[in-house]
Amino acid sequence: MLFDFSGTIFRLEEDESWGDELVGADGADFDVEAKAEILRRMTAPVEQFMTFDAAGQHAWDNRDLDPALHRHAYLEVLRSSGVPTEEQAERLYGRLIDPLAWTPYPDTGPVLEFLAAQGVPVGVVSNIAFDVRPAFRTRGWDRLVGAVALSFEVGVIKPEPGIFLAALNELGVDPARALMVGDSAQADGGATALGSRFALVDPLPTAERPDALVDALRAHGLAVPR
C-alpha cells in the first residue's frame, strides 16, 4: 500500500494563529476566501498559479527536488498572492515546511494500524522538499510505515516511475500487487504505468473528510472497519 502525503493522509490547514499572520498592506485582515486560496496555492500538487521569470520558473519546475528551489518558488507564490511583507511570507513558508504543522486525516491512524495488523507493507511517496517523517514519528506511526520515498531525497518526482519503485523496492513488493492512494490523478496516478492500482481521494479539509481512506481501501477489497 502506497500513500501520498499532502491532501491524502495529512493536510496543511489554517488555525487561528495562522490567520492572524495574514494582514494586508492596508492593515486589514485577509478574508476567509483569501486565506483558503493561499492555503490551496501552498499545497496543490501540480497546478501553477502565476507566471514566473526564468529563475522563478526553474525553481517552480524543480521545487520538489531541491529545498532551496522550493523556498524560492513558494516565497514567490506567497508574494504574488498578496502577502505584503517578506517577514509574513517567511513565517508562512516556515509553517508549510514544518511537518508538525500538518494535520492528519481522521482515518489516517486507524488505516495505518489496520494495515499493519494485516501484515500489509506501507510506503509514503511524496513530491516534497522537506522531511515528513517527524509527522509520523511524533504520533508513533513511524513503526507502521516501512518506506518513505520523498522526491528531494530520491531525485525523481511523480508521475515518474522511479519514485514509486524506490518505495516498492524498499518494501519488497511487486508493483502489480500495490495500490497507490493519492489526491492527484496526474501525479499519483503515475503508479499505474508500473501496473499498480490507483485510488483517488479528494483533498478536502480534514473535518469534511472523515473516512475517504477507508472507502478507498474497501473499494479495492480491504475490509477496513469503519
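Residues numbered from 1 in each chain as written. Predicted model: local features only at pLDDT ≥ 70, side-chain atom pairs only at ≥ 80, totals over all residues. Heavy atoms only, no water.

**Regarding the packing of helix H3 (residues 54–61) against helix H4 (residues 67–80)**
(1) Moving on: Direction vectors running N to C along H3 and H4 enclose 115 degrees, while the axes themselves pass 8 Å from each other. With respect to the hand of their crossing, H3 and H4 are arranged in left-handed fashion. Where H3 abuts H4, its residues Ala55, Gly56, His58, Ala59 and Trp60 lie against Leu69, His72, Ala73, Tyr74 and Val77. (Axes fitted to C-alpha atoms, helices over the stretch in contact; angles between N-to-C directions. Helix = DSSP H or I, 4+ residues; strand = E, 2+ residues; numbered from the N terminus. Left-handed = near helix turned anticlockwise from the far one by under 90°. Contact = heavy atoms within 4.5 Å.)

**Section: the pairing of strand E6 (residues 179–182)**
(1) Moving on: Side chains of E6 alternate between two faces, with Leu179 and Val181 and Met180 and Gly182 buried alike.
(2) Moving on: Relative to E6, strand E1 (residues 2–3) is paired through two bridges, and the arrangement is parallel. Directly across from Leu2, in E6, lies its bridge partner Met180.
(3) Moving on: Looking at chain direction, E6 and strand E7 (residues 197–200) are connected through four bridges and run parallel. Across the sheet, Gly182 pairs through a bridge with Leu200, a residue of E7. (Buried < 20%, exposed > 50% of the residue type's maximum accessible area, 1.4 Å probe, protein only. Pairing = 2+ DSSP bridges.)

**Some words on the sheet that holds strand E5 (residues 147–150)**
Consider a sheet: its strands pair through backbone hydrogen bonds, and that pairing is either parallel or antiparallel.
(1) Moving on: Read across the sheet, five strands follow the order E5-E4-E1-E6-E7 without closing on themselves; strand pairing throughout is parallel. On the outer flanks of this sheet lie E5 and E7, each paired with one strand and no other.
(2) Moving on: The strands touched by helix H10 (residues 212–219) within the sheet are E1, E6 and E7, with E6 carrying the most contacts at an inclination of about 155 degrees.

**Side note on the pattern of salt bridges**
(1) Moving on: A complete count under the given rule lists twelve salt bridges for this structure.
(2) Moving on: Asp188 serves as the salt-bridge partner of Lys158, at 2.6 Å between the closest nitrogen and oxygen. Here the residue Lys158 occupies a position in the loop between helix H8 (151–154) and helix H9 (161–171), and Asp188 occupies one in the loop between E6 and E7, the gap between them amounting to 30 residues.
(3) Moving on: A salt bridge links Arg226 to Asp215; the nearest nitrogen and oxygen atoms lie 2.7 Å apart. Of this pair, Arg226 sits in the segment after H10 while Asp215 is found in helix H10, placing the two residues eleven residues apart along the sequence. (Salt bridge = Lys/Arg side-chain N within 4 Å of Asp/Glu carboxyl O.)

**Overview of the side chain of Arg63**
(1) Moving on: Looking at the secondary structure, you find Arg63 in the loop between H3 and H4.
(2) Moving on: Nearest to the buried, unbridged Arg63 among oppositely charged side chains is Asp64, at 4.2 Å.
(3) Moving on: Of note is the side chain of Arg63, whose polar atom sits 3.2 Å from the side chain of Tyr74. (Lys, Arg positive; Asp, Glu negative; His and termini not counted. Polar contact = N/O pair within 3.5 Å; in protein donor to acceptor, adjacent residues only side chain to side chain.)

**Things to note about unusual backbone geometry**
(1) Moving on: The linkage connecting Lys158 with the following residue, Pro159, adopts the cis geometry, with an omega of 15 degrees.
(2) Moving on: Structurally, Pro159 can be placed in the loop between H8 and H9.

**Some thoughts on the environment of Phe130**
(1) Moving on: Examined against the element boundaries, Phe130 turns out to sit in the loop between strand E4 (123–126) and helix H7 (133–137).
(2) Moving on: Phe130 sits in the buried class, given a relative accessible area of 8%.
(3) Moving on: For the pair formed by Phe130 and His70, sequence separation is 60 residues and the distance between their alpha carbons is 9.1 Å.

**Remarks on the nonpolar core**
(1) Moving on: Phe3, Phe5, Phe136, Val181 and Leu217 are the most contacted members of the largest nonpolar core, which totals 47 residues.
(2) Moving on: Shared between two domains, this core holds at least three residues of each, these being domain 1 (2–10 + 103–220) and domain 2 (12–97). (Core = buried A, V, L, I, M, F, W, Y, C linked by side-chain atoms within 4.5 Å. Domains from an automatic or database assignment.)

**Overview of the packing of aromatic side chains**
In this description, a pair of aromatic rings is defined by centroid distance and the angle of the planes.
(1) Moving on: In total, this model carries eight aromatic pairs according to the counting rule given.
(2) Moving on: Centre to centre, the rings of Phe5 and Phe10 are 4.9 Å apart; their planes meet at 20 degrees, and the pair counts as stacked. Neither residue differs from the other here; Phe5 and Phe10 are each classed as buried.
(3) Moving on: Ring centres of Phe52 and Trp60 lie 5.6 Å apart, and the angle between their planes is 25 degrees; on these two criteria the pair is classed as stacked.
(4) Moving on: Since its relative accessible area comes to 10%, Phe52 is described here as buried. (Phe/Tyr/Trp six-rings, centres within 6.5 Å; stacked < 30°, edge-to-face > 60°.)

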